[in-house]
Amino acid sequence: MLVCDEIKGIDVFFNARNVAIYGASASQNSVGQAIVQNFIKPQYTGKVYAVNPKYTNVLGVPCYPSLQEIPESVDLVVVAIPARLAPRVFEDIGKKGAKAAIVISGGFSETGPKGAELENEVVKLGKKYGTRIIGPNCVGVIDTSTHVDTFFLPEYRCARPKASNVANIALVSQSGAFAAAIADWTSELGLGVSKIISLGNKCDVDDDDLLCYLGDDSSTQVICYYTEGYDGNKGRSFFDTAREITPHKPVLVVKSGRGSRAKAAASSHTGSLAGLDSVADAAYKQSGVIRADNFDQMFDMAKALAMQPPAEGDRVLMITNGGGLGVMTTDALEALGLTIPNPSSDLESKLREDLPAYCAFGNPFDVVGDAGADRYDAIFREAIPSGEYDIFVVGMLLQTPSLGMEITNIIANYQKQSGKPFVVISMGGGFTTKAGEIMELMGVPTFATGEKGALAAKALARYGEIRLGDKFNKSAGAKKS
Amino acid sequence: MKIAKQIFKQALEEGRTFVLEHEAKDIMKAYGLPVPAYDTATTAEAAAEKAKKIGFPVVLKILSKDILHKSDAGGVKIDLKSEEEVKEAFSTIMDNARKYGKEKGIEVDLSRGAFISDFAEMGTEVIVGVTKDPQFGHALMFGLGGIFVEILKDVTFRLIPLTEIDAREMISEIKAAKVLEGVRGQQPRDVDALVEIIMAVSKMVSENPEINEIDCNPTFLYERGKGALVVDARILIENPNEKAASSH
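Remember, it's a predicted structure, so these values are computed and weren't measured experimentally. (Residues numbered from 1 in each chain as written. Chains lettered and ligands numbered in written order. Predicted model: local features only at pLDDT ≥ 70, side-chain atom pairs only at ≥ 80, totals over all residues. Heavy atoms only, no water.)

**Considering the layout of surface pockets**
Residue and element names in this part refer to chain A. What counts, and what does not: A 1.4 Å probe that fits into a set of points on a 1 Å grid over the protein atoms alone but cannot get out defines a cavity; an open set with protein on both sides within 12 Å along at least five of seven lines defines a pocket, and lining residues are those with an atom within 4 Å of a point. Grid points are joined across faces, edges and corners, and a volume is the space filled by probe spheres set on the points. A run of H or I in DSSP counts as a helix once it spans at least four residues, and a run of E counts as a strand once it spans at least two, with each numbered from the N terminus. Each residue gets one label: Ala, Val, Leu, Ile, Met, Phe, Trp, Tyr, Cys and Pro are nonpolar, Asp, Glu, Lys and Arg are charged, and the others, such as Gly, are polar. As used throughout, domain bounds are those supplied by an automatic or database domain assignment.
Considered as a void within the structure, the second largest pocket measures approximately 860 Å³ in volume. If you list the elements that add at least two residues to the lining of the second largest pocket, you get helix H5 (176-189), helix H10 (295-307), helix H15 (430-441) and strand S18 (446-447). Of the residues contributing to the lining of the second largest pocket, the split by class is 14 nonpolar, twelve polar and nine charged. Taken domain by domain, the lining of the second largest pocket gets at least three of its residues from each of domain 1 (7-304) and domain 2 (309-471).

The following block contains the structure:
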């Protein structure tokens, strides 16, 4: 890819084997100690060194006055020292030959001209010695497979997400607080996460670099962004990079600062410029980036996109064993601009052969409350080869005694064999939630409400359109002329 | 491209970040944009003669480096149907411009005289504009004119450069898109001509990134096969000496 020539420089942030913590501390509850703690967990198999002239060891990790005394080479330095010391520290980093640094500390450009001067010096030294820099004013990175983890948040307060065997998303966040909250949240969502990156002031490594890197990262299936804005012409370069990446991998973004009030807050927060929101909207649309209004929406869409193939068209078949769920879901699907065509008379007569006459043979297709998994089976058997539908949204209400757990097998098998995207809606309490987890382990995303499921279906259609362009079979709003 | 560069150079030399109407039309024409027939004149007699050549009715507008908002300075006269009317209008707008200068306490340069243009037949009003976004750079805006843009803000954007697919998507995604398909017995509008305008503006900005803003407002869109006309065009450029040159 033309736009992505600096992937190598980014890789070390996630695959560092020799990490030094600059500003490591022996005092309890300090940032400098929390980071050391992350690297002495058994999951992290690389080496760690502490740097602080005050100590000879921190939590049993050997501590050196500067990087120069460390007997081995260092590839990543985590910097947690007061901003005013940063220039001296970056001289040390450069001379040691470390290729990457994450600056956790604040007190840089976000605080005013003095801090901006320090940040400029850091950038200059980084350029001089070839050190790539994430931050400053960030929480750094979590990699769920190498266990590089610079979040200075104790694990009992901020749980860490896990990689899933099914599919993983990566999150890039301008805000450190959001990155932490999302790390904590996704640990419970059952959503597989490959990497979380907090970018802070983006003095060097920016949205673009990570888009290139994650676009090429085989452990990441969907790339998610939280951004408040882009500095200077960085919005344009993100747009250019996204155009290269989105045909291969879905990219989602939550961009705050839609209203004019939020805009004022955004520019004072990280000193970023917020442009006319409609231009940002256009830029995302034009480059195939899917914009979500909030995190809830982003993760619902990301889960579907990570686990399912994109749709080849926008025709949805909604199957349900409860009338209310069928109506609610199809309302939501329609509002999102998807088509919900009735089965053709040919398909309907085939279905009538296998199903009781008291089913509702429409769309939503209601197999009614006494249905067993066999009725779903019959529908998939006929409806998939009919070619009348591009997406299958399956309402699976497990409160009824007749619907057995083999429904999960049936759904997963038809999904795999057909290669068509499936979305399951499973509403309810404990039993249902467990069933949903099982469904997801089998590779089909499952949602707690019809609206969430509909949004997931919409994302699969939208990404299908992004990927297939003209070949996407769009029947909604099709011109009659 | 050369014409645009020359015009921008001269504007900046005169201390302007806007181009005069005939200059804007010269640039538009060079990029293949359809504009009504136009000319300039420095005397009432010449204006009348040129109006006759263009054909009545015509519009007369003041041409001065010191006047950006021509209507505010009483510098626009429309629907002039004869040589007499043109001559009279010429001296009126010159008087108005002098008065405007006195009120503002500035010496208004009148040496360029007036701009004469064919009074275009009314069509469906659309706007094609360009803005420079601080994060994403140049973006092109499209919308229907009048209340659609003023009150309903029914506009859509794309980053420049655009593809023809982008242009067609823009035209079909505004809420009032049906208006262009022909409503209440009207013939469908000439959407292909509109696509050409959008593409030409996109090209113009790609080749001249010093452009800060463009307003093709109004642009009249006629029924299918009858084309379109950019009736009024405003082009604002960047002042290289002060990057954040104000546009107003």
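**A closer look at the domain arrangement of chain A**
All names here are of chain A. The cut-off we apply is this: Only heavy atoms matter for contacts: two residues are in contact if any of them lie within 4.5 Å across the pair. Buried area: the accessible area, evaluated with a 1.4 Å probe, that two parts lose upon being put together, summed over both parts. Salt bridge criterion: a side-chain nitrogen from Lys or Arg within 4 Å of a carboxyl oxygen from Asp or Glu. The definition of a polar contact used here is a pair of N or O atoms within 3.5 Å, where within protein one atom must be able to donate a hydrogen and the other to accept one, and adjacent residues in sequence count solely through side-chain atom pairs.
Here chain A is partitioned into domain 1 (7-304) and domain 2 (309-471). Computed from C-alpha atoms alone, the centre-to-centre distance between domain 1 and domain 2 is 39 Å. The interface is formed by 16 residues belonging to domain 1 together with 15 residues belonging to domain 2. For the domain 1 and domain 2 pair, buried surface summed over both sides reaches about 1,300 Å², with 63% attributable to carbon and sulfur atoms. By the criterion of area lost to domain 2, the three top residues of domain 1 are Asp300, Lys303 and Ala304, representing 37% of everything that side buries. For glutamate 440, the salt bridge identified is with lysine 303, shortest N-O distance 2.6 Å. Across the contact surface, domain 1 and domain 2 share seven residue pairs in polar contact (both at pLDDT 80 or more).

**Side note on the environment of B:Ala193**
All names here are of chain B. Here is the rule we go by: Under the scheme applied here, a residue whose accessible area is under 20% of the maximum for its type counts as buried, over 50% as exposed, and between as partly exposed, the area being computed with a 1.4 Å probe on protein chains only.
Structurally, alanine 193 can be placed in helix H8 (residues 191-207). Its relative accessible area of 15% is what places alanine 193 among the buried residues. The residues contacting alanine 193, other than those within four sequence positions of it, are Gly227 and Ala228.

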